[in-house]
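# Fold and contact review
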Amino acid sequence: MKIFHNIIEVRNIPNAVVTIGTFDGVHLGHQAIFNKMKSLAQTVGGQTVVVTFSPHPRQVLNIDSSNLRFITTPEDKLRKFEEFGIDNVLIINFTREFSRTPSETFIKDYLIDNLKPAYIVVGYDHHFGKNRMGDFDLLTDLKKKYNFKVERIAAQDVEHIAISSTKIRNALAVGNVKSANRLLGYTYSVMGEVVRGNEIGRTIGFPTANLDLPREYMMFNRGGVYACLVDYNGQTYKAMANIGHRPTIGDRAEGDMLIEVNLFGFDSDLYGQQIRVHFIDRIRDEIKFEGLPELKAQLEIDREKAKEILNHLPDGIK
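In this text, all values refer to a predicted model and were calculated from it rather than measured experimentally. (Residues numbered from 1 in each chain as written. Predicted model: local features only at pLDDT ≥ 70, side-chain atom pairs only at ≥ 80, totals over all residues. Heavy atoms only, no water.)

Right, let's get into the nonpolar core. Ranked by size, the top nonpolar core spans 56 residues in total, and within it Phe34, Ile259 and Phe279 carry the most contacts. Within the second largest apolar cluster, 29 residues are counted, among which are Phe4, Val51, Leu90 and Ile92. (Core = buried A, V, L, I, M, F, W, Y, C linked by side-chain atoms within 4.5 Å. Buried < 20%, exposed > 50% of the residue type's maximum accessible area, 1.4 Å probe, protein only.)

Here it is as structure tokens:
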């Protein structure tokens, strides 16, 4: 997959099949768009092109920026684009000046003049350009003028639930990772560097790798314990994670969430290492215990529940 940061670099792509969007989560709805693009590209002997933006438009325009959360980091988004078979990605630097670009101007200056698309493919509710005035109807009006074809992908749903990034964010916020995973089409995960903690878990037989994620990537608003899989150094480990502010220890403020991961059968030093944590299922809420002996007893119960969940996973769960 080729990645471009300047529209001038993306010329001479044969019969480009193009889509536009932010694609947070790269969920099943996005994947349906990509599948259609790949099919069309094969038909016309072309290549797929995803046009996306950085920073996220809401960050630049300060739209609910204090509560803004992202399902995927920019790096993970690119990784998913490649995993789902995209040939080219153009990342446009989103600025306030760019946000004032009229919809038709964006289509002509960025897509027609440089990419010369054979097809433009969009989702059922896609909007673009100044004040989000551009949509499927505008593309339909412009297709003869600029000699391209347009396809719109119908809304996708899982178990009669329409898929959207917002619904996935809402599910993760309350810890409903199973619902989020169904809408994503893969297991939700985070990747981060293991930071040093107070090592209390080690004293009760449950050493943890602690991840202190940036606020915009901490999706969980509700503390709890989860069955997980952890990728480290080319290996996958069964694990459980606590997300919360550790009320029994009492060393973190309410709302200051930390991810603590206990890898089963693993006791090496992970400080400073990068690990990826895949969230499989929620086991319970975070609880304040009377002391460490009560906490240890509950963790032993949690570990058995996590093992039971992880021992019955279908193949290819990640």
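What follows picks up the thread again.
Turning our eyes to something else, we now look at the sheet that holds strand E9 (residues 189-195). Taken together, 6 strands build a closed barrel; the order of strands is E9-E10-E13-E12-E11-E14 and the barrel is antiparallel. Strand after strand, the sheet turns through a mean of 45 degrees between neighbouring axes, direction not considered. As paired elements, strand E12 (residues 235-244) and strand E13 (residues 258-263) share 6 bridges and run antiparallel to each other. Bridge assignment links Ile243 to a residue of E13, and that residue is Ile259. (Pairing = 2+ DSSP bridges. Helix = DSSP H or I, 4+ residues; strand = E, 2+ residues; numbered from the N terminus. Axes fitted to C-alpha atoms, helices over the stretch in contact; angles between N-to-C directions.)

With that settled, the discussion passes to the side chain of His278. Within the secondary structure, His278 sits in strand E14 (residues 274-285). Residue His278 is classed as buried on the basis of its relative accessible area, which comes to 6%. Of the polar contacts made by the side chain of His278, one reaches the side chain of Asp231; its length is 2.8 Å. (Polar contact = N/O pair within 3.5 Å; in protein donor to acceptor, adjacent residues only side chain to side chain.)

This next bit is on the pattern of salt bridges. By the definition in use, this model includes 10 salt bridges. We note a salt bridge from Glu83 to Lys80, for which the minimum N-O separation is 3.2 Å. Placement of the pair is Glu83 and Lys80 together in helix H3 (residues 74-83), with a separation of 3 residues, close to one helical turn. Exposure remark for Glu83: the relative accessible area of 47% places this residue in the partly exposed category. (Salt bridge = Lys/Arg side-chain N within 4 Å of Asp/Glu carboxyl O.)

The parallel open sheet is built from 6 strands, whose spatial order is E1-E4-E3-E2-E5-E6. Since the sheet does not close on itself, it has two edges, and those belong to strand E1 (2-4) and strand E6 (149-153), each with one partner. Looking at each pair of strands side by side, their axes are set apart by 25 degrees on average, direction ignored. Sheet topology note: the strand E2 (residues 17-20)/strand E3 (residues 48-54) ladder contains 4 bridges and is parallel.

Another point: the environment of Leu172. Structurally, Leu172 is set in helix H7 (residues 165-173). On the accessibility criterion, Leu172 (0% relative accessible area) is buried. For the pair Leu172 and Leu115, spaced 57 residues apart in sequence, the C-alpha to C-alpha distance is 37 Å. If we ignore the near neighbours within four places in the chain, the residues touching Leu172 are Ile71, Val177, Ala180, Tyr188, Met219 and Phe220. (Contact = heavy atoms within 4.5 Å.)

Looking now at the packing of aromatic side chains. The final tally for this structure, using the stated rule, is 18 aromatic pairs. Each ring, one from Phe23 and one from Phe81, has its centre 5.9 Å from the other, and the planes form 90 degrees; the classification is edge-to-face. Of the two residues, Phe23 is situated in the loop between E2 and helix H1 (28-44) and Phe81 in helix H3; the sequence distance between them amounts to 58 residues. Here the two residues Phe23 and Phe81 agree in accessibility, since each one is buried. (Phe/Tyr/Trp six-rings, centres within 6.5 Å; stacked < 30°, edge-to-face > 60°.)

Keep in mind that these numbers describe shape and distance, not what the molecule does.
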